[in-house]
There are 2 protein chains.
Amino acid sequence: MDVLITGAHGQVGTAIAERLSEKPAYDFTYLDREDLPERETTVADVADYDAIRPAFDGMDAVVHLAAAPRPDLPWNEILESSIIGTYNVMEAVRDAGVEQVVFASSHHVSGNYEIKNAPELYGAHLDFKIDHTDPVRPDSYYAIAKLFGEHAGNHYVENMDAPEQFYALRLCNVSNEAYDDPYGRAEEAVEQGEYERDSPEYEQRVARRRAMWCSRRDVAQLVERCLQDETVDFDVFYGVSDNPARWFDISHARNVLGYEPQDDASEWTERPERYEA
Amino acid sequence: MDVLITGAHGQVGTAIAERLSEKPAYDFTYLDREDLPERETTVADVADYDAIRPAFDGMDAVVHLAAAPRPDLPWNEILESSIIGTYNVMEAVRDAGVEQVVFASSHHVSGNYEIKNAPELYGAHLDFKIDHTDPVRPDSYYAIAKLFGEHAGNHYVENMDAPEQFYALRLCNVSNEAYDDPYGRAEEAVEQGEYERDSPEYEQRVARRRAMWCSRRDVAQLVERCLQDETVDFDVFYGVSDNPARWFDISHARNVLGYEPQDDASEWTERPERYEA
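Remember, it's a predicted structure, so these values are computed and weren't measured experimentally. (Residues numbered from 1 in each chain as written. Chains lettered and ligands numbered in written order. Predicted model: local features only at pLDDT ≥ 70, side-chain atom pairs only at ≥ 80, totals over all residues. Heavy atoms only, no water.)

Residue and element names in this part refer to chain A. Across the two faces of strand E4 (residues 61–64) the burial is the same, with Ala61 and Val63 and Val62 and His64 all buried. The sheet contact formed by strand E1 (residues 2–6) and E4 spans 4 bridges and is parallel. Along E4, the bridge assignment pairs Thr6 with His64. Sheet topology note: the E4/strand E5 (residues 100–106) ladder contains 4 bridges and is parallel. Note on E5: the bridge partner recorded for Ala61 is Gln100. (Buried < 20%, exposed > 50% of the residue type's maximum accessible area, 1.4 Å probe, protein only. Helix = DSSP H or I, 4+ residues; strand = E, 2+ residues; numbered from the N terminus. Pairing = 2+ DSSP bridges.)

Here it is, written out as C-alpha coordinates:
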(Lines give C-alpha, C1' and ligand atoms only; values in the text may rest on other atoms or scores of the structure.)
Protein backbone atom coordinates (compact mmCIF):
# COMPACT_ATOMS: atom_id res chain seq x y z
CA MET A 1 0.00 0.00 0.00
CA ASP A 2 1.12 3.51 -0.78
CA VAL A 3 0.29 5.59 2.28
CA LEU A 4 0.71 9.34 2.75
CA ILE A 5 1.09 10.58 6.32
CA THR A 6 0.38 14.28 6.91
CA GLY A 7 1.91 15.86 10.00
CA ALA A 8 4.21 12.88 9.89
CA HIS A 9 6.79 14.09 12.39
CA GLY A 10 4.47 14.49 15.38
CA GLN A 11 3.95 11.93 18.18
CA VAL A 12 1.49 9.80 16.28
CA GLY A 13 3.26 9.97 12.94
CA THR A 14 6.61 8.94 14.37
CA ALA A 15 4.96 6.10 16.29
CA ILE A 16 3.50 4.81 13.03
CA ALA A 17 6.79 5.20 11.19
CA GLU A 18 8.72 3.37 13.91
CA ARG A 19 6.34 0.44 14.07
CA LEU A 20 5.11 0.03 10.50
CA SER A 21 7.69 1.42 8.09
CA GLU A 22 9.78 -1.75 8.11
CA LYS A 23 6.83 -3.89 7.07
CA PRO A 24 6.84 -4.76 3.37
CA ALA A 25 3.09 -4.09 3.18
CA TYR A 26 3.55 -0.33 3.39
CA ASP A 27 5.34 2.31 1.40
CA PHE A 28 5.00 5.52 3.37
CA THR A 29 5.37 9.08 2.14
CA TYR A 30 5.94 11.57 4.94
CA LEU A 31 4.50 15.07 4.60
CA ASP A 32 5.26 17.68 7.23
CA ARG A 33 5.80 21.44 7.54
CA GLU A 34 9.32 20.71 8.69
CA ASP A 35 12.07 18.51 7.43
CA LEU A 36 13.52 15.74 9.54
CA PRO A 37 17.14 14.69 8.84
CA GLU A 38 16.54 10.98 9.36
CA ARG A 39 13.41 10.71 7.22
CA GLU A 40 12.80 11.76 3.63
CA THR A 41 10.06 14.36 3.80
CA THR A 42 7.72 16.20 1.48
CA VAL A 43 7.93 19.61 3.09
CA ALA A 44 4.59 21.40 2.72
CA ASP A 45 1.90 23.05 4.83
CA VAL A 46 -1.61 21.57 4.63
CA ALA A 47 -2.92 25.15 4.65
CA ASP A 48 -1.52 25.43 1.08
CA TYR A 49 -3.56 23.23 -1.26
CA ASP A 50 -1.30 23.59 -4.27
CA ALA A 51 1.74 22.66 -2.23
CA ILE A 52 0.27 19.41 -0.88
CA ARG A 53 -1.85 18.24 -3.83
CA PRO A 54 0.90 16.39 -5.82
CA ALA A 55 1.72 14.17 -2.84
CA PHE A 56 -1.74 12.57 -3.03
CA ASP A 57 -1.33 11.11 -6.51
CA GLY A 58 -1.18 7.34 -6.54
CA MET A 59 -1.88 6.94 -2.82
CA ASP A 60 -4.03 4.09 -1.54
CA ALA A 61 -4.54 5.72 1.81
CA VAL A 62 -3.91 8.95 3.70
CA VAL A 63 -3.25 9.11 7.43
CA HIS A 64 -4.19 12.70 8.20
CA LEU A 65 -2.47 13.87 11.36
CA ALA A 66 -1.47 17.45 10.47
CA ALA A 67 -3.19 19.93 12.78
CA ALA A 68 -2.64 22.63 15.33
CA PRO A 69 -1.35 20.21 17.96
CA ARG A 70 -2.75 21.52 21.25
CA PRO A 71 -6.02 22.86 22.69
CA ASP A 72 -4.41 26.02 24.04
CA LEU A 73 -3.34 27.33 20.64
CA PRO A 74 -4.93 30.51 19.28
CA TRP A 75 -7.92 30.42 16.96
CA ASN A 76 -6.00 31.59 13.92
CA GLU A 77 -3.62 28.67 14.12
CA ILE A 78 -6.50 26.21 14.55
CA LEU A 79 -8.38 27.81 11.67
CA GLU A 80 -5.38 27.61 9.33
CA SER A 81 -3.92 24.23 10.23
CA SER A 82 -6.89 22.22 11.40
CA ILE A 83 -9.93 23.62 9.56
CA ILE A 84 -8.55 24.96 6.28
CA GLY A 85 -5.83 22.31 6.36
CA THR A 86 -8.34 19.48 6.72
CA TYR A 87 -10.53 20.96 3.99
CA ASN A 88 -7.48 20.98 1.71
CA VAL A 89 -6.55 17.41 2.60
CA MET A 90 -10.08 16.14 1.92
CA GLU A 91 -10.24 18.00 -1.39
CA ALA A 92 -6.89 16.53 -2.40
CA VAL A 93 -8.13 13.05 -1.40
CA ARG A 94 -11.23 13.52 -3.53
CA ASP A 95 -9.34 14.98 -6.46
CA ALA A 96 -6.72 12.22 -6.43
CA GLY A 97 -9.28 9.47 -5.79
CA VAL A 98 -7.64 8.15 -2.61
CA GLU A 99 -9.79 5.34 -1.23
CA GLN A 100 -9.02 5.40 2.46
CA VAL A 101 -8.46 8.09 5.10
CA VAL A 102 -7.46 7.58 8.72
CA PHE A 103 -7.96 10.82 10.66
CA ALA A 104 -6.51 11.74 14.03
CA SER A 105 -9.42 13.10 15.99
CA SER A 106 -9.09 13.59 19.74
CA HIS A 107 -10.61 12.67 23.10
CA HIS A 108 -11.05 16.44 23.52
CA VAL A 109 -14.24 16.22 21.43
CA SER A 110 -15.68 14.75 24.64
CA GLY A 111 -13.39 16.75 26.88
CA ASN A 112 -16.07 18.21 29.11
CA TYR A 113 -16.95 14.78 30.46
CA GLU A 114 -13.47 14.89 31.95
CA ILE A 115 -13.35 18.55 32.91
CA LYS A 116 -16.66 18.40 34.79
CA ASN A 117 -15.77 15.16 36.62
CA ALA A 118 -12.08 15.57 37.40
CA PRO A 119 -10.16 14.66 39.44
CA GLU A 120 -12.50 11.93 40.79
CA LEU A 121 -12.56 10.46 37.30
CA TYR A 122 -8.84 9.71 37.25
CA GLY A 123 -8.86 7.04 39.92
CA ALA A 124 -11.67 5.08 38.24
CA HIS A 125 -13.81 5.93 41.25
CA LEU A 126 -16.68 6.80 38.93
CA ASP A 127 -18.54 4.09 37.12
CA PHE A 128 -18.55 5.93 33.87
CA LYS A 129 -17.63 5.11 30.29
CA ILE A 130 -18.30 6.97 27.08
CA ASP A 131 -18.35 5.58 23.60
CA HIS A 132 -18.75 6.85 20.05
CA THR A 133 -22.54 7.06 20.42
CA ASP A 134 -22.48 9.51 23.34
CA PRO A 135 -23.07 13.19 22.56
CA VAL A 136 -19.87 15.12 22.00
CA ARG A 137 -18.90 17.84 24.49
CA PRO A 138 -15.97 19.70 22.91
CA ASP A 139 -13.76 21.56 25.34
CA SER A 140 -12.01 23.93 22.92
CA TYR A 141 -11.80 25.12 19.32
CA TYR A 142 -9.10 22.50 18.96
CA ALA A 143 -11.79 19.90 19.67
CA ILE A 144 -14.35 21.63 17.45
CA ALA A 145 -11.84 21.53 14.59
CA LYS A 146 -11.43 17.78 15.17
CA LEU A 147 -15.20 17.42 14.86
CA PHE A 148 -15.02 19.46 11.67
CA GLY A 149 -12.68 16.77 10.33
CA GLU A 150 -14.99 13.95 11.43
CA HIS A 151 -17.97 15.61 9.78
CA ALA A 152 -16.00 16.28 6.61
CA GLY A 153 -15.06 12.61 6.44
CA ASN A 154 -18.67 11.57 6.86
CA HIS A 155 -19.75 14.00 4.14
CA TYR A 156 -17.13 12.88 1.61
CA VAL A 157 -17.86 9.19 2.11
CA GLU A 158 -21.58 9.74 1.65
CA ASN A 159 -21.60 12.43 -1.02
CA MET A 160 -18.33 12.38 -2.95
CA ASP A 161 -16.52 9.89 -5.16
CA ALA A 162 -13.66 9.54 -2.69
CA PRO A 163 -12.69 8.40 -0.16
CA GLU A 164 -14.67 5.20 0.25
CA GLN A 165 -13.53 4.66 3.82
CA PHE A 166 -12.93 7.15 6.63
CA TYR A 167 -11.84 6.32 10.17
CA ALA A 168 -11.96 8.99 12.87
CA LEU A 169 -9.70 7.95 15.74
CA ARG A 170 -10.36 9.92 18.93
CA LEU A 171 -6.90 9.46 20.30
CA CYS A 172 -5.93 9.84 23.92
CA ASN A 173 -2.42 10.75 25.11
CA VAL A 174 0.36 9.60 22.82
CA SER A 175 3.85 10.66 23.98
CA ASN A 176 7.27 10.72 22.48
CA GLU A 177 9.60 7.75 22.81
CA ALA A 178 11.39 9.04 25.88
CA TYR A 179 8.15 9.26 27.87
CA ASP A 180 6.13 6.33 26.56
CA ASP A 181 4.72 5.14 29.89
CA PRO A 182 2.13 6.33 32.45
CA TYR A 183 4.66 8.67 34.05
CA GLY A 184 5.58 10.36 30.80
CA ARG A 185 3.66 13.60 30.82
CA ALA A 186 4.22 14.16 34.51
CA GLU A 187 7.95 13.72 34.01
CA GLU A 188 7.95 16.04 31.05
CA ALA A 189 6.34 18.69 33.24
CA VAL A 190 8.96 18.17 35.95
CA GLU A 191 11.65 18.67 33.35
CA GLN A 192 9.96 21.86 32.23
CA GLY A 193 9.81 23.14 35.81
CA GLU A 194 6.02 23.09 36.14
CA TYR A 195 6.08 21.30 39.50
CA GLU A 196 8.19 19.00 41.71
CA ARG A 197 8.32 15.25 41.32
CA ASP A 198 5.88 13.54 43.76
CA SER A 199 3.96 16.77 44.37
CA PRO A 200 0.13 16.49 44.43
CA GLU A 201 0.08 17.95 40.88
CA TYR A 202 2.53 15.29 39.80
CA GLU A 203 0.46 12.52 41.35
CA GLN A 204 -2.70 13.79 39.71
CA ARG A 205 -0.95 13.95 36.39
CA VAL A 206 0.16 10.34 36.74
CA ALA A 207 -3.35 9.30 37.79
CA ARG A 208 -4.80 11.04 34.73
CA ARG A 209 -2.20 9.42 32.56
CA ARG A 210 -3.09 5.99 33.89
CA ALA A 211 -6.50 6.56 32.34
CA MET A 212 -5.49 8.41 29.17
CA TRP A 213 -2.29 6.73 28.02
CA CYS A 214 -2.27 5.45 24.48
CA SER A 215 1.10 3.76 23.97
CA ARG A 216 3.02 4.19 20.78
CA ARG A 217 2.67 0.57 19.78
CA ASP A 218 -1.06 0.62 20.51
CA VAL A 219 -1.70 3.70 18.38
CA ALA A 220 0.38 2.22 15.57
CA GLN A 221 -1.61 -1.00 15.79
CA LEU A 222 -4.91 0.89 15.72
CA VAL A 223 -3.88 2.78 12.59
CA GLU A 224 -2.74 -0.45 10.95
CA ARG A 225 -6.07 -2.11 11.77
CA CYS A 226 -7.76 0.73 9.88
CA LEU A 227 -5.44 0.39 6.89
CA GLN A 228 -6.18 -3.36 6.76
CA ASP A 229 -9.93 -3.02 7.26
CA GLU A 230 -12.35 -3.68 4.41
CA THR A 231 -15.70 -3.27 6.19
CA VAL A 232 -16.06 0.30 7.44
CA ASP A 233 -17.33 3.17 5.31
CA PHE A 234 -17.38 5.83 8.01
CA ASP A 235 -16.90 5.24 11.70
CA VAL A 236 -15.54 6.75 14.90
CA PHE A 237 -13.35 5.01 17.47
CA TYR A 238 -11.74 6.00 20.72
CA GLY A 239 -8.05 5.17 20.78
CA VAL A 240 -6.48 4.39 24.15
CA SER A 241 -4.46 1.60 25.72
CA ASP A 242 -6.21 -1.05 27.80
CA ASN A 243 -6.02 0.96 31.01
CA PRO A 244 -8.56 -0.06 33.68
CA ALA A 245 -8.95 3.60 34.68
CA ARG A 246 -9.89 4.76 31.16
CA TRP A 247 -13.39 6.20 30.71
CA PHE A 248 -13.37 5.61 26.95
CA ASP A 249 -14.87 2.56 25.34
CA ILE A 250 -12.58 0.40 23.23
CA SER A 251 -15.02 -2.43 22.55
CA HIS A 252 -16.11 -0.71 19.35
CA ALA A 253 -12.53 -0.70 18.03
CA ARG A 254 -12.08 -4.29 19.23
CA ASN A 255 -15.27 -5.51 17.56
CA VAL A 256 -15.10 -3.63 14.29
CA LEU A 257 -11.36 -3.35 13.68
CA GLY A 258 -9.92 -6.17 15.78
CA TYR A 259 -7.91 -3.71 17.89
CA GLU A 260 -6.06 -5.60 20.62
CA PRO A 261 -4.12 -3.15 22.77
CA GLN A 262 -0.93 -4.57 24.20
CA ASP A 263 -0.39 -1.99 26.93
CA ASP A 264 -2.10 -1.28 30.23
CA ALA A 265 -1.03 1.64 32.40
CA SER A 266 -1.93 -0.16 35.63
CA GLU A 267 0.85 -2.67 35.05
CA TRP A 268 3.47 -0.02 35.80
CA THR A 269 3.64 -0.25 39.57
CA GLU A 270 6.87 1.69 39.85
CA ARG A 271 8.24 4.69 38.11
CA PRO A 272 10.87 3.62 35.57
CA GLU A 273 14.41 4.04 36.82
CA ARG A 274 15.43 6.21 33.90
CA TYR A 275 13.58 9.15 35.46
CA GLU A 276 15.66 9.04 38.67
CA ALA A 277 18.53 10.99 37.17
CA MET B 1 -35.50 42.12 26.42
CA ASP B 2 -32.85 43.64 24.21
CA VAL B 3 -32.29 41.20 21.37
CA LEU B 4 -29.75 41.42 18.56
CA ILE B 5 -30.59 39.56 15.35
CA THR B 6 -27.66 38.84 13.01
CA GLY B 7 -28.49 38.19 9.36
CA ALA B 8 -31.74 39.92 10.21
CA HIS B 9 -33.03 40.45 6.68
CA GLY B 10 -33.14 36.81 5.60
CA GLN B 11 -36.20 34.53 5.65
CA VAL B 12 -35.98 33.67 9.34
CA GLY B 13 -35.02 37.16 10.51
CA THR B 14 -37.89 38.83 8.70
CA ALA B 15 -40.33 36.21 10.01
CA ILE B 16 -39.21 37.02 13.55
CA ALA B 17 -39.42 40.76 12.95
CA GLU B 18 -42.92 40.50 11.46
CA ARG B 19 -44.28 38.40 14.26
CA LEU B 20 -42.46 39.61 17.35
CA SER B 21 -41.33 43.20 16.84
CA GLU B 22 -44.69 44.69 17.84
CA LYS B 23 -44.65 42.90 21.17
CA PRO B 24 -43.62 45.16 24.07
CA ALA B 25 -41.46 42.37 25.50
CA TYR B 26 -38.79 42.79 22.82
CA ASP B 27 -36.55 45.54 21.63
CA PHE B 28 -34.80 44.22 18.53
CA THR B 29 -31.59 45.43 16.94
CA TYR B 30 -31.18 44.26 13.35
CA LEU B 31 -27.71 43.53 12.07
CA ASP B 32 -27.16 42.61 8.44
CA ARG B 33 -24.60 43.01 5.68
CA GLU B 34 -27.15 45.02 3.75
CA ASP B 35 -29.43 47.87 4.64
CA LEU B 36 -33.20 47.57 4.35
CA PRO B 37 -35.19 50.77 3.77
CA GLU B 38 -38.09 49.83 6.01
CA ARG B 39 -36.01 48.69 8.98
CA GLU B 40 -33.27 50.48 10.90
CA THR B 41 -30.19 48.34 10.44
CA THR B 42 -26.70 48.03 11.87
CA VAL B 43 -24.85 47.36 8.63
CA ALA B 44 -21.90 45.06 9.30
CA ASP B 45 -20.47 41.74 8.19
CA VAL B 46 -20.08 39.03 10.85
CA ALA B 47 -16.74 38.17 9.22
CA ASP B 48 -15.45 41.49 10.66
CA TYR B 49 -15.24 41.24 14.45
CA ASP B 50 -14.50 44.89 15.10
CA ALA B 51 -17.44 45.96 12.97
CA ILE B 52 -19.99 43.83 14.80
CA ARG B 53 -18.67 43.94 18.38
CA PRO B 54 -20.34 47.23 19.51
CA ALA B 55 -23.79 45.92 18.62
CA PHE B 56 -23.52 43.24 21.34
CA ASP B 57 -23.22 45.66 24.26
CA GLY B 58 -26.22 45.60 26.54
CA MET B 59 -27.97 42.74 24.77
CA ASP B 60 -29.89 40.11 26.72
CA ALA B 61 -29.97 37.72 23.80
CA VAL B 62 -28.58 37.20 20.32
CA VAL B 63 -30.46 35.41 17.57
CA HIS B 64 -27.61 34.37 15.29
CA LEU B 65 -28.86 33.81 11.74
CA ALA B 66 -26.07 35.33 9.64
CA ALA B 67 -24.49 32.67 7.43
CA ALA B 68 -23.77 31.64 3.89
CA PRO B 69 -27.42 30.90 3.13
CA ARG B 70 -27.36 27.83 0.88
CA PRO B 71 -25.61 24.44 0.66
CA ASP B 72 -24.43 25.02 -2.91
CA LEU B 73 -22.27 28.03 -2.06
CA PRO B 74 -18.49 27.79 -2.43
CA TRP B 75 -16.23 26.88 0.47
CA ASN B 76 -14.70 30.34 0.78
CA GLU B 77 -18.07 31.92 1.38
CA ILE B 78 -19.02 29.28 3.95
CA LEU B 79 -15.64 29.67 5.64
CA GLU B 80 -15.95 33.47 5.87
CA SER B 81 -19.62 33.90 6.72
CA SER B 82 -20.50 30.74 8.61
CA ILE B 83 -17.30 29.57 10.30
CA ILE B 84 -15.30 32.75 10.91
CA GLY B 85 -18.56 34.70 11.25
CA THR B 86 -19.89 32.38 13.94
CA TYR B 87 -16.56 32.42 15.75
CA ASN B 88 -16.75 36.22 15.79
CA VAL B 89 -20.34 36.23 17.01
CA MET B 90 -19.55 33.82 19.84
CA GLU B 91 -16.50 35.83 20.86
CA ALA B 92 -18.58 39.01 20.87
CA VAL B 93 -21.25 37.25 22.97
CA ARG B 94 -18.61 36.18 25.46
CA ASP B 95 -16.89 39.54 25.54
CA ALA B 96 -20.16 41.45 26.01
CA GLY B 97 -21.55 38.92 28.50
CA VAL B 98 -24.73 38.16 26.55
CA GLU B 99 -26.68 35.46 28.40
CA GLN B 100 -28.67 33.80 25.68
CA VAL B 101 -28.00 32.71 22.09
CA VAL B 102 -30.51 31.24 19.64
CA PHE B 103 -28.66 29.80 16.64
CA ALA B 104 -30.11 28.89 13.26
CA SER B 105 -28.73 25.47 12.51
CA SER B 106 -30.22 23.43 9.69
CA HIS B 107 -31.86 20.11 8.84
CA HIS B 108 -28.92 19.68 6.42
CA VAL B 109 -26.80 18.47 9.37
CA SER B 110 -28.85 15.28 8.91
CA GLY B 111 -29.28 15.78 5.20
CA ASN B 112 -28.05 12.36 4.12
CA TYR B 113 -30.99 10.67 5.81
CA GLU B 114 -33.05 12.48 3.19
CA ILE B 115 -30.67 12.14 0.25
CA LYS B 116 -30.29 8.39 0.71
CA ASN B 117 -34.03 7.79 1.14
CA ALA B 118 -35.59 10.23 -1.32
CA PRO B 119 -38.05 10.41 -2.94
CA GLU B 120 -39.85 7.62 -1.03
CA LEU B 121 -39.37 9.65 2.11
CA TYR B 122 -41.45 12.56 0.89
CA GLY B 123 -44.78 10.77 0.88
CA ALA B 124 -44.36 9.50 4.43
CA HIS B 125 -44.22 6.00 3.01
CA LEU B 126 -41.26 5.23 5.25
CA ASP B 127 -41.78 4.80 8.95
CA PHE B 128 -38.83 6.88 9.86
CA LYS B 129 -38.21 9.79 12.21
CA ILE B 130 -34.99 11.33 13.40
CA ASP B 131 -34.43 13.39 16.50
CA HIS B 132 -31.63 15.35 18.14
CA THR B 133 -30.07 12.16 19.54
CA ASP B 134 -29.52 10.51 16.15
CA PRO B 135 -26.04 10.71 14.62
CA VAL B 136 -25.60 13.66 12.29
CA ARG B 137 -25.02 13.00 8.59
CA PRO B 138 -24.05 16.36 7.08
CA ASP B 139 -24.64 16.68 3.35
CA SER B 140 -22.38 19.67 2.62
CA TYR B 141 -19.88 22.12 4.05
CA TYR B 142 -22.89 24.34 4.66
CA ALA B 143 -24.12 21.66 7.07
CA ILE B 144 -20.68 21.11 8.59
CA ALA B 145 -20.48 24.85 9.29
CA LYS B 146 -23.85 24.63 11.07
CA LEU B 147 -22.42 21.84 13.22
CA PHE B 148 -19.43 24.07 13.89
CA GLY B 149 -21.89 26.59 15.33
CA GLU B 150 -23.64 23.97 17.45
CA HIS B 151 -20.34 22.74 18.86
CA ALA B 152 -19.17 26.29 19.54
CA GLY B 153 -22.37 26.96 21.47
CA ASN B 154 -21.87 23.83 23.54
CA HIS B 155 -18.25 24.77 24.25
CA TYR B 156 -19.04 28.34 25.33
CA VAL B 157 -21.87 27.29 27.64
CA GLU B 158 -19.67 24.68 29.32
CA ASN B 159 -16.32 26.46 29.35
CA MET B 160 -16.83 30.20 29.09
CA ASP B 161 -18.49 32.88 31.18
CA ALA B 162 -21.10 33.58 28.52
CA PRO B 163 -23.56 32.69 27.17
CA GLU B 164 -25.45 30.74 29.82
CA GLN B 165 -27.99 29.39 27.36
CA PHE B 166 -27.60 28.24 23.77
CA TYR B 167 -30.34 26.84 21.53
CA ALA B 168 -29.46 25.22 18.22
CA LEU B 169 -32.52 25.14 16.00
CA ARG B 170 -32.19 22.76 13.06
CA LEU B 171 -34.62 24.59 10.87
CA CYS B 172 -36.39 23.11 7.89
CA ASN B 173 -37.70 25.20 4.94
CA VAL B 174 -38.69 28.73 5.83
CA SER B 175 -39.84 30.78 2.82
CA ASN B 176 -40.52 34.40 2.13
CA GLU B 177 -43.97 35.87 2.69
CA ALA B 178 -45.13 35.42 -0.88
CA TYR B 179 -44.52 31.68 -0.77
CA ASP B 180 -45.38 30.76 2.81
CA ASP B 181 -47.27 27.54 2.07
CA PRO B 182 -46.43 23.98 0.92
CA TYR B 183 -46.41 25.07 -2.73
CA GLY B 184 -43.96 27.89 -2.13
CA ARG B 185 -40.62 26.53 -3.25
CA ALA B 186 -42.13 24.71 -6.21
CA GLU B 187 -43.79 27.92 -7.35
CA GLU B 188 -40.60 29.87 -6.91
CA ALA B 189 -38.87 27.36 -9.20
CA VAL B 190 -41.63 27.71 -11.80
CA GLU B 191 -41.14 31.45 -11.72
CA GLN B 192 -37.42 30.97 -12.20
CA GLY B 193 -38.03 28.71 -15.18
CA GLU B 194 -36.63 25.54 -13.61
CA TYR B 195 -39.62 23.41 -14.66
CA GLU B 196 -43.31 23.56 -15.58
CA ARG B 197 -46.14 23.74 -13.10
CA ASP B 198 -47.58 20.24 -12.44
CA SER B 199 -44.54 18.52 -13.95
CA PRO B 200 -43.18 15.48 -12.03
CA GLU B 201 -40.39 17.70 -10.68
CA TYR B 202 -43.01 20.17 -9.47
CA GLU B 203 -45.04 17.44 -7.76
CA GLN B 204 -41.97 16.04 -6.07
CA ARG B 205 -41.02 19.49 -4.85
CA VAL B 206 -44.46 19.97 -3.36
CA ALA B 207 -44.32 16.52 -1.76
CA ARG B 208 -40.95 17.35 -0.23
CA ARG B 209 -42.28 20.68 0.94
CA ARG B 210 -45.22 18.98 2.65
CA ALA B 211 -42.62 17.29 4.85
CA MET B 212 -40.15 20.15 5.24
CA TRP B 213 -42.25 23.29 5.52
CA CYS B 214 -41.63 25.45 8.56
CA SER B 215 -44.10 28.30 8.39
CA ARG B 216 -43.10 31.82 9.24
CA ARG B 217 -45.32 31.96 12.28
CA ASP B 218 -44.06 28.61 13.52
CA VAL B 219 -40.40 29.58 13.26
CA ALA B 220 -41.13 32.89 14.99
CA GLN B 221 -42.92 31.02 17.76
CA LEU B 222 -40.04 28.58 18.17
CA VAL B 223 -37.54 31.42 18.50
CA GLU B 224 -39.79 33.17 21.02
CA ARG B 225 -40.09 29.98 23.08
CA CYS B 226 -36.29 29.95 23.30
CA LEU B 227 -36.12 33.60 24.32
CA GLN B 228 -38.69 32.93 27.07
CA ASP B 229 -37.10 29.70 28.26
CA GLU B 230 -35.29 29.54 31.60
CA THR B 231 -34.41 25.85 31.77
CA VAL B 232 -32.04 24.96 28.96
CA ASP B 233 -28.29 25.43 29.11
CA PHE B 234 -27.42 23.82 25.76
CA ASP B 235 -29.80 21.89 23.59
CA VAL B 236 -30.66 21.05 19.99
CA PHE B 237 -34.12 21.08 18.42
CA TYR B 238 -35.51 20.36 14.98
CA GLY B 239 -37.73 23.19 13.75
CA VAL B 240 -40.54 22.28 11.39
CA SER B 241 -44.31 22.76 11.18
CA ASP B 242 -46.62 19.98 12.33
CA ASN B 243 -46.60 18.22 8.95
CA PRO B 244 -47.58 14.53 9.08
CA ALA B 245 -45.02 13.80 6.35
CA ARG B 246 -42.09 15.28 8.29
CA TRP B 247 -39.30 12.90 9.30
CA PHE B 248 -38.04 15.21 12.03
CA ASP B 249 -39.05 14.89 15.64
CA ILE B 250 -40.72 17.90 17.26
CA SER B 251 -41.60 16.28 20.57
CA HIS B 252 -38.32 17.48 22.04
CA ALA B 253 -39.19 21.11 21.22
CA ARG B 254 -42.74 20.54 22.48
CA ASN B 255 -41.60 19.01 25.76
CA VAL B 256 -38.68 21.25 26.59
CA LEU B 257 -39.75 24.59 25.08
CA GLY B 258 -43.52 24.28 24.82
CA TYR B 259 -43.39 24.66 21.04
CA GLU B 260 -46.92 24.32 19.62
CA PRO B 261 -46.79 24.64 15.84
CA GLN B 262 -49.90 26.17 14.32
CA ASP B 263 -49.35 25.03 10.76
CA ASP B 264 -49.63 21.68 9.01
CA ALA B 265 -48.79 21.32 5.34
CA SER B 266 -51.31 18.51 4.84
CA GLU B 267 -54.19 20.93 5.46
CA TRP B 268 -53.51 22.64 2.11
CA THR B 269 -55.52 20.41 -0.21
CA GLU B 270 -55.47 22.88 -3.08
CA ARG B 271 -52.88 25.19 -4.49
CA PRO B 272 -53.63 28.76 -3.43
CA GLU B 273 -55.35 30.78 -6.11
CA ARG B 274 -52.72 33.49 -6.09
CA TYR B 275 -50.39 31.23 -8.03
CA GLU B 276 -52.83 30.88 -10.96
CA ALA B 277 -51.81 34.16 -12.51
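The discussion continues.
Tallying the contact residues gives 25 residues for chain A and 25 residues for chain B. For the pair chain A and chain B, the two sides together bury roughly 2,300 Å², of which 62% comes from carbon and sulfur. Contact with chain B buries area across many residues of chain A, yet Tyr141(A), His151(A) and Glu158(A) alone supply 27% of it, more than any other trio. At the boundary of chain A with chain B, the tally comes to 2 salt bridges. As a salt-bridge pair, Arg137(A) and Glu158(B) come within 2.6 Å of each other at their nearest N and O atoms. If you look at where chain A meets chain B, you find 11 residue pairs in polar contact (both at pLDDT 80 or more). Counting residues per element, the ones that place at least two in the side of chain A that touches chain B are helix H3 (75–96), helix H4 (111–115) and helix H5 (141–159) of chain A. (Contact = heavy atoms within 4.5 Å. Buried area = accessible area lost by both parts, 1.4 Å probe. Salt bridge = Lys/Arg side-chain N within 4 Å of Asp/Glu carboxyl O. Polar contact = N/O pair within 3.5 Å; in protein donor to acceptor, adjacent residues only side chain to side chain.)

Turning our eyes to something else, we now look at helix H7 (residues 200–212) of chain B. All names here are of chain B. Between its first and last C-alpha, H7 extends 18 Å over 13 residues, near the 18 Å set by a 1.5 Å rise per residue. What H7 keeps buried is the set Tyr202, Val206, Arg209, Ala211 and Met212. At its buried positions, H7 is contacted by helix H4 (111–115) and helix H6 (184–191). (Expected span 1.5 Å × (residues − 1).)

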